[in-house]
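Observations on the model geometry
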Amino acid sequence: DPDRYKFDKTVKHSEYVLIDLAQKSRKFKILRFVQRSDKERQYYKDHPQALGGKSIMKFNYESGNEAIEILNRGGIVMIAPEGTRSEDGNMQEAQTGTEGLLEKAKANALILPVSVLRIGGKFRVVFGEPFSYEDLMKEQAQNPTIKLKDLIMRRVARLVPRGKRGFYENLV
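Read on for an overview of the structure.

Okay, the overall build of the protein chain next. If you tally the helices and strands in the protein chain, you get 6 helices and 4 strands. Counting helices and strands in the order they occur from the N terminus, the protein chain gives α-α-α-α-β-β-β-β-α-α. Residues counted as buried form 31% of the 172 residues belonging to the protein chain. Sequence-distant contacts in the protein chain: of pairs separated by 6 or more residues, those separated by 24 or more amount to 48%.

Next up on the list: the nonpolar core. Membership of the largest hydrophobic core is limited to 12 residues, which are Leu 71, Leu 102, Ala 105, Ala 109, Ile 111, Phe 131, Tyr 133, Leu 136, Ile 146, Leu 148, Leu 151 and Ile 152. Of all the elements in the fold, those that place two or more residues in this core are helix H4 (97-105), helix H5 (133-142) and helix H6 (148-157). The element that contributes the greatest number of residues to this core is H6, accounting for 3 residues. Judged by nonpolar contacts, the second largest core, of 8 residues, contains Met 91, Val 156, Ala 157 and Val 160.

Right, let's talk about a nonpolar patch on the surface for a bit. Together, Leu 112, Val 114, Val 116, Val 125 and Phe 127 make up a nonpolar patch on the protein surface, roughly 390 Å² of accessible area in all. When residues of the nonpolar patch are traced back to their parent elements, those giving at least two are strand S2 (114-119) and strand S3 (122-127). In this structure, Leu 112 sits in the loop between strand S1 (110-111) and S2. Given a relative accessible area of 44%, Leu 112 falls into the partly exposed group.

Turning our attention to the packing of aromatic side chains. One pair of aromatic rings is described through two measures. These are the centre distance and the angle between the planes. Evaluation of the coordinates by the stated rule reveals 1 aromatic pair. Between Phe 167 and Tyr 168, the aromatic rings sit 4.9 Å apart at their centres with planes inclined by 75°, giving edge-to-face as the arrangement. With relative accessibility at 1%, the residue Tyr 168 sits in the buried group. Residue placement shows Arg 155 over the ring face of Phe 131; its charged tip is 3.9 Å from the ring centre.

In a regular helix each residue adds 1.5 Å, so 17 residues correspond to 24 Å; helix H3 (residues 56-72) covers 24 Å between its end C-alpha atoms and thus fits that length. Just past H3, the residue Gly 74 takes up positive phi, approximately 85°.

A separate point is the pattern of salt bridges. Tallied over the full model, the rule gives 7 salt bridges. Note that Glu 62 is salt-bridged to Lys 54, the shortest N-O span being 2.6 Å. Two residues, Glu 134 and Lys 138, come together in a salt bridge whose shortest N-O distance is 3.4 Å. With Glu 134 and Lys 138 both in helix H5 and 4 residues apart, the pair spans about one turn of that helix.

Pairing of S2 with S3, which is carried by 6 bridges, proceeds in the antiparallel orientation. Each bridged residue has a counterpart across the sheet, and for Leu 117 the counterpart in S3 is Arg 124. Linkage of S2 to S3, two consecutive antiparallel strands, is achieved through a turn of 2 residues, within which Gly 120 is found at a positive phi near 65°.

Each value, and the rule that gives it
Residues numbered from 1 in each chain as written. Predicted model: local features only at pLDDT ≥ 70, side-chain atom pairs only at ≥ 80, totals over all residues. Heavy atoms only, no water. Helix = DSSP H or I, 4+ residues; strand = E, 2+ residues; numbered from the N terminus. Buried < 20%, exposed > 50% of the residue type's maximum accessible area, 1.4 Å probe, protein only. Contact = heavy atoms within 4.5 Å. Core = buried A, V, L, I, M, F, W, Y, C linked by side-chain atoms within 4.5 Å. Patch = residues over 30% accessible without salt bridge, like charges linked within 9 Å, V, L, I, M, F, W, Y side chains within 5 Å. Areas by Shrake-Rupley, 256 points an atom, 1.4 Å probe, with all protein chains shown as cover. Salt bridge = Lys/Arg side-chain N within 4 Å of Asp/Glu carboxyl O. Phe/Tyr/Trp six-rings, centres within 6.5 Å; stacked < 30°, edge-to-face > 60°. Lys NZ or Arg CZ within 6 Å of the ring centre and 35° of its normal. Expected span 1.5 Å × (residues − 1). Pairing = 2+ DSSP bridges.

Here is the structure:
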């Protein structure tokens with residue numbers, strides 16, 4: 001029930017609220033990945049304790065392996081393919097880690113596209129149709145010039161209103 005949660009306008013980043021709700025209600029485990037942005041990488045170089053003293057590469061490798069193990073056991077892994085928040089509310093290009101994770105998990109991955117939009121002080125969550133890695137491979141065979149990550153994001157973009165699809169506006 002989306003009206004059940006009233007969010008204060010001081011909440012800047014919706015995923016923090018959603019992650020907090022997920023952790024409290026379902027006891028989710030959060031696997032973090034360090035993206036390629038210079039700003040984020042510099043933060044972790046300046047604060048190595050935030051990664052338990054591991055290098056960024058080792059930290060990401062271990063998180064990726066744990067995600068694959070979860071999928072192989074039939075578990076659920078939620079991915080934010082863009083890797084960061086959108087400052088203007090428009091979709092951004094997905095990071096390559098999304099397709100790498102799916103390629104390794106293959107048959108064990110069922111993908112459920114989800115769009116989370118903040119409208120006013122409330123969140124609107126829209127779920128698309130689930131699809132498999134095999135479905136994605138068939139789609140890629142028909143569209144060989146489109147990257148796997150972009151085929152995934154095309155399905156997410158279909159859940160987002162025109163004008164908010166950003167990088168994926170013309171791919172839908």
